[in-house]
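Chains, contacts and geometry: an overview
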Amino acid sequence: MKALDDRSAGSFSAGPRAWLMAEAAGSRRQARLGRWYAAWLVFRRNPLAVTGLAIVCGLIVVALVAPWLAGHSPIEQNLQARLLPPGGGHWLGTDALGRDIFARLVHGARITLLIVALVAAIAAPVGLIMGCSAGYFGGWVDAVLMRITDVFLAFPRLILALAFVAALGPGIENAILAIAITAWPPYARIARAETITIRTSGFIQAARLQGASASRILVGHVVPLTSSSVIVRVTLDMAGVILTAAGLGFLGLGAQPPVAEWGAMIAAGRQFMLDQWWVAAAPGLAILVVSLGFNLLGDGLRDVLDPKHG
Amino acid sequence: MIRVESLSVSFGRVQAVREVPFHVAPGEAFGLVGESGSGKSTVLGAIAGLIQDWSGTISVAGQPQGRRRDKAFHKRLQMVFQDPYGALHPRHVVDRIVGEPAAIHGLDEVGARVEKALGEVGLGPAFRYRYPHQLSGGQRQRVAIARALILEPEILLLDEPTSALDVSVQAEVLNLLARLRAERGLTYILVSHDLAVIAHMCDRLAVMRDGRVVEEMGVEELRAGAPREAYTRRLLAASRGYDRAAAEGFESTT
């Protein structure tokens, strides 16, 4: 009997793979991990998506170990070593104030990751809550919440971000807030549309008939089904967020000097574009690679998480 | 146990149910039969409280019901839905699907209750941590029945519980429902378009057409083939004419 149990429930000693792929899981955790593992097997088949994941993981690692990786201080100036070309003591050369560009690039990864993480952490939950509530309750709740969403959707993102930053003062925190405020409306729309399609389904009616409260149905039943499309959309939007943050930095409204921020670095390198191209090219390339990474990752996630294919 | 008087339901300008009366005694199995769009599922929705816009009187276990239902109502009355593919949350394992009502009502020893409920519908512990997509239609409907049973209700509303299943699985699920009723003394309201299913399961039935009850009778009258109304006779003829051999074979499995 023990041996039979081991086989059907997939004993862990038989190897983690067999445990994850077990036909009959032995616990909720095993079942959930098994589902994730099956999704990973699908994800792994897409080389572009794996490339995207590698780039995003690389960004996280670089941001974590920045002080040890950089070699130089990102803010220490050395006017004797201005605008040095790449090579020698400075891998990517130096900028107009003699600061090591590689060190600034590596420290800039922290700023970029901070922006991306905070925007996702603010915008995605707000969008989910607004959209799922609007879709589930319908009626006047829907009307009020979606008109609020429309108001935010009506503003061009960079312009509204500019207005917020102008009102609150320049700085990285205000840039993050401004981007987050303009980022959530599309998530609310997606969440609402998905909620409306599942609102009348049998399992929601069953939950209502069991006496579940509206908040329990929303959090336990609706959000798990709507969150995957929102996660995909958030990942795909991250490239846009990075570009917006860089744009604000470029205009001098994002991170303030001497903090190393990629957009501000390009703005500083603009004056030397023709003769010292590496000053602007290095952060530009970094923005390109990271944006591409998030887009590839988002595409791969869509293939895995899209309920129409899952 | 359930008393419905002049129940009317309208969706916008469409009057789906008109002045429907019936009553169901404790322990009785009552059938509602009619063609698609006759309003029989809407009656169940109104009784269960899933449809809000109704008028008339609905009383369950002697208590008149309003638009909103309390927890005691949900513990007393549960429902099994028509489509076993849409009735189970696709991202919840069976353990959570069946245990959720017990968690909502704050019952103790949810794990043991889940195991017991699954055992009663003939699903072993191997099914406990599976997702719905790993189950067949009949297994899903068993899970839905276990979910309805875990609160130990007195009344079960069955909305075409077998119409989405294969014929062989239909008989299994119907026999399971019949056994559970015998063991627990449950009261059933069974909605079906299939007179053979109603004849197999129910003591009494009402025939609905265009939102009205056109005839109410005991199942013996139906078996004797002597309904008063012409519409019921036609429905009966239709259900036999469809495939006589299969319909009779189905009855002989009882």
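Residues numbered from 1 in each chain as written. Chains lettered and ligands numbered in written order. Predicted model: local features only at pLDDT ≥ 70, side-chain atom pairs only at ≥ 80, totals over all residues. Heavy atoms only, no water.

So, the overall build of chain A
Secondary structure assignment for chain A yields 13 helices and zero strands. Mapped from its N terminus to its C terminus, chain A presents α and β elements in the order α-α-α-α-α-α-α-α-α-α-α-α-α. Seen along its three principal axes, the alpha-carbon backbone of chain A occupies a region of about 75 × 55 × 25 Å. With 310 residues in all, chain A has 48% of them scored as buried. Expressed as a percentage of contacts within chain A between residues at least 6 apart in sequence, the contacts between residues at least 24 apart total 68%. (Helix = DSSP H or I, 4+ residues; strand = E, 2+ residues; numbered from the N terminus. Buried < 20%, exposed > 50% of the residue type's maximum accessible area, 1.4 Å probe, protein only. Contact = heavy atoms within 4.5 Å.)

Points about the packing of aromatic side chains
Residues and elements named next belong to chain A. In the structure shown here, the tally under the stated rule is five aromatic pairs over all chains. Look at F152 and W184: their rings are 5.4 Å apart centre to centre, the planes differ by 55°, and that puts the pair in the tilted class. Placement of the pair is F152 in helix α7 (residues 139-153) and W184 in helix α9 (residues 172-199), with a sequence separation of 32 residues. Residue classification places F152 among the partly exposed positions, given a relative accessible area of 25%. (Phe/Tyr/Trp six-rings, centres within 6.5 Å; stacked < 30°, edge-to-face > 60°.)

Quick word on the sheet that holds strand β8 (residues 187-192) of chain B
Residues and elements named next belong to chain B. What the six strands build is an open sheet, ordered β6-β7-β8-β3-β9-β10; its pairing is mixed. The open sheet has two edge strands with one neighbour each: β6 (77-80) and β10 (212-218). Averaged over neighbouring strand pairs, the angle between their axes works out to 15° when direction is ignored. Of the strand pairs in this sheet, β6 and strand β7 (residues 155-159) are connected by four bridges, and their pairing is parallel. From the neighbouring strand, Q78 faces β7, where its bridge partner is L156. (Pairing = 2+ DSSP bridges. Axes fitted to C-alpha atoms, helices over the stretch in contact; angles between N-to-C directions.)

Notes on the domain arrangement of chain A
Residue and element names in this part refer to chain A. Structurally, chain A comprises domain 1 (1-45) and domain 2 (49-305). Look at where the C-alpha atoms of domain 1 and domain 2 centre, and you get two points 35 Å apart. Taken together, the contact pairs five residues of domain 1 with seven residues of domain 2. Interface area, domain 1 with domain 2, both sides summed: about 450 Å², of which 91% is carbon and sulfur. In this structure, the connection of domain 1 to domain 2 is made through zero salt bridges. Of the residues contributing to the side of domain 1 that touches domain 2, the split by class is four nonpolar, no polar and one charged. (Domains from an automatic or database assignment. Buried area = accessible area lost by both parts, 1.4 Å probe. Salt bridge = Lys/Arg side-chain N within 4 Å of Asp/Glu carboxyl O. Nonpolar A, V, L, I, M, F, W, Y, C, P; charged D, E, K, R; others polar.)

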